[in-house]
Amino acid sequence: MKRRSSLVSRPSPYHTAVTLFEAGEGAVETVVRRSKRLKTTETSVSDPVELEKHGPGENTALRTPVKSRKKTTTIIKSEETEETTTVAPATPATAGPSKARKNRTASPRKPKSIPTALETPHPAPPRWRETYDAIKRMRSRIVAPVDTMGCDQAQLKETDPKNQRFSTLVSLMLSSQTKDEVTDAAVAKLREAVGGSLSVDAILQADESAISEAICKVGFWRRKTQYIKQAAQKLHDEFDGDVPKTADELCSLPGVGPKMAFLALQVAWKINAGIGVDVHVHRITNRLGWHKPPTKTPEETRLNLQSWLPVELHAEINHLLVGFGQTICSPVGPKCDHCELSDGSCPSARKVVKVSSSKKSAKASGTRGTPSGRPKIEVELEEDTKLLVQLVPPTAPELEEGPHEEHEGVKVEDSS
């Protein structure tokens, strides 16, 4: 429906077959939109008064010129045509001018395949076996937090095999960006919050607030709360409530990456499918110069290591280097003076040298009791010993660390 000025028709005074249409004065009407086209033509007709003055046969050019008046008449002819117009239903005013969305059935997302090998294998570093055995000897004399509070300890509190595997997965999900001590305490508190046993059904029945309160000490606990609930639901719907047996299926779970997937397979299923590379493995192997050029991500480190490290060592290297990084080869201020590799086996070794310096301090006392009446001055020498840490020889890139800073009175300098 649209509104327009009405047209008034009248017969033409010049031809009976012509009908003239003129706009009505101030009349407005509502008309229905039809498929009718209007054609407009203009015709010029001389004024009949002039024809009567001069006569039809006279030559008007010989007489006094008289201004000719012409009338322009608009003739509108209507032609009816048949058209079919389809009008889409109007959208609600609140919906806005949005495009119509097609109803599509979402196809199930296929799990993304994890790369397992490099096109060109990385060469084995020289004398890597000697370095590996030296770290193994040092680890045998050290009890690290990962030995007593790692992800493999969470399953010991469960009796059902499914719950053992699920508790291992939950412990790995909570361990990201979190120390082992905090993770172990969070797993114990979560187990207590859901009824004493970590199972898929217990997590599904628990409120998110209860889970959040139990794991609030770990890093990114809000996001991990959602991940644990979503992962439990997916395990219940697609994997019969159990932990999958492939890395690709594990990585399809929310909040699970390659490192967690490989460690979960090793601990839960005793399947050696790859190396779990975390920040410790990434940092230490680069400090040892095992990657040429140095790797920038844990995934690059994993693919390099898997290309040359014997398969029988894939399952143990994570536990070995994590404990070594927690106790000796720490991210900041590594204890190179306690490491066997500081004899030249490690290109990033730091040499600790003791430097002694003496300070003089003067004390003044009153004049009483002195023969000359002058103030009595006492001089004391204080010996101050500092530890100067030097780098020998030039180090490999320090990954995931900022500039060297002073820590607990130990000054770090570059000897190059």
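1. With respect to the confidence of the model for the chain
So, point 1. On average, residues of the chain score 78 in pLDDT, and 62% of them are at 70 or above.
So, point 2. Predicted confidence is poor over residues 45–68, with pLDDT under 50, and the contacts of this stretch with residues over four places away or in other chains come to 12 contacts.
So, point 3. Taken as a whole, residues 81–103 scores under 50 in pLDDT and shows 6 contacts with residues more than four places along the chain or in a different chain.

2. Comments concerning the environment of Ser199
So, point 1. The topology assignment puts Ser199 in the loop between α5 (180–193) and α6 (200–205).
So, point 2. If sequence neighbours within four positions are ignored, Ser199 has contacts with Asn163 and Phe166.

3. Concerning the packing of helix α2 (residues 128–140) against helix α13 (residues 317–327)
So, point 1. At their nearest, the axes of α2 and α13 sit 10 Å apart, and the two run at 65 degrees to each other. α2 and α13 meet at a crossing whose hand is left-handed. Here Tyr132, Ile135, Lys136, Met138 and Arg139 of α2 come into contact with α13, specifically with Ile317, His319, Leu320, Leu321, Gly323 and Phe324.
So, point 2. Each residue belonging to the contact of α2 with α13 can be placed in one class, and the counts come to 7 nonpolar, 2 polar and 2 charged.

4. Quick word on α5
So, point 1. In this model α5 runs 20 Å from its N-terminal to its C-terminal C-alpha over 14 residues, within 8% of the 20 Å that 1.5 Å per residue would give.
So, point 2. Residues of α5 that are buried include every one of Asp180, Thr183, Ala186, Val187, Leu190 and Arg191, and no others. Across the axial projection of α5, the buried residues extend over an arc of 135 degrees, all falling on one side.
So, point 3. The inward-facing, buried residues of α5 contact α3 (145–149), α4 (161–175), α6, α7 (208–214) and α13.
So, point 4. Just beyond α5, the residue with positive phi is Gly195, at close to 115 degrees.

Rules and cut-offs
- Residues numbered from 1 in each chain as written.
- Predicted model: local features only at pLDDT ≥ 70, side-chain atom pairs only at ≥ 80, totals over all residues.
- Heavy atoms only, no water.
- pLDDT = per-residue confidence, 0-100.
- Contact = heavy atoms within 4.5 Å.
- Helix = DSSP H or I, 4+ residues; strand = E, 2+ residues; numbered from the N terminus.
- Axes fitted to C-alpha atoms, helices over the stretch in contact; angles between N-to-C directions.
- Left-handed = near helix turned anticlockwise from the far one by under 90°.
- Nonpolar A, V, L, I, M, F, W, Y, C, P; charged D, E, K, R; others polar.
- Expected span 1.5 Å × (residues − 1).
- Buried < 20%, exposed > 50% of the residue type's maximum accessible area, 1.4 Å probe, protein only.
- Arc of directions from axis to C-beta.

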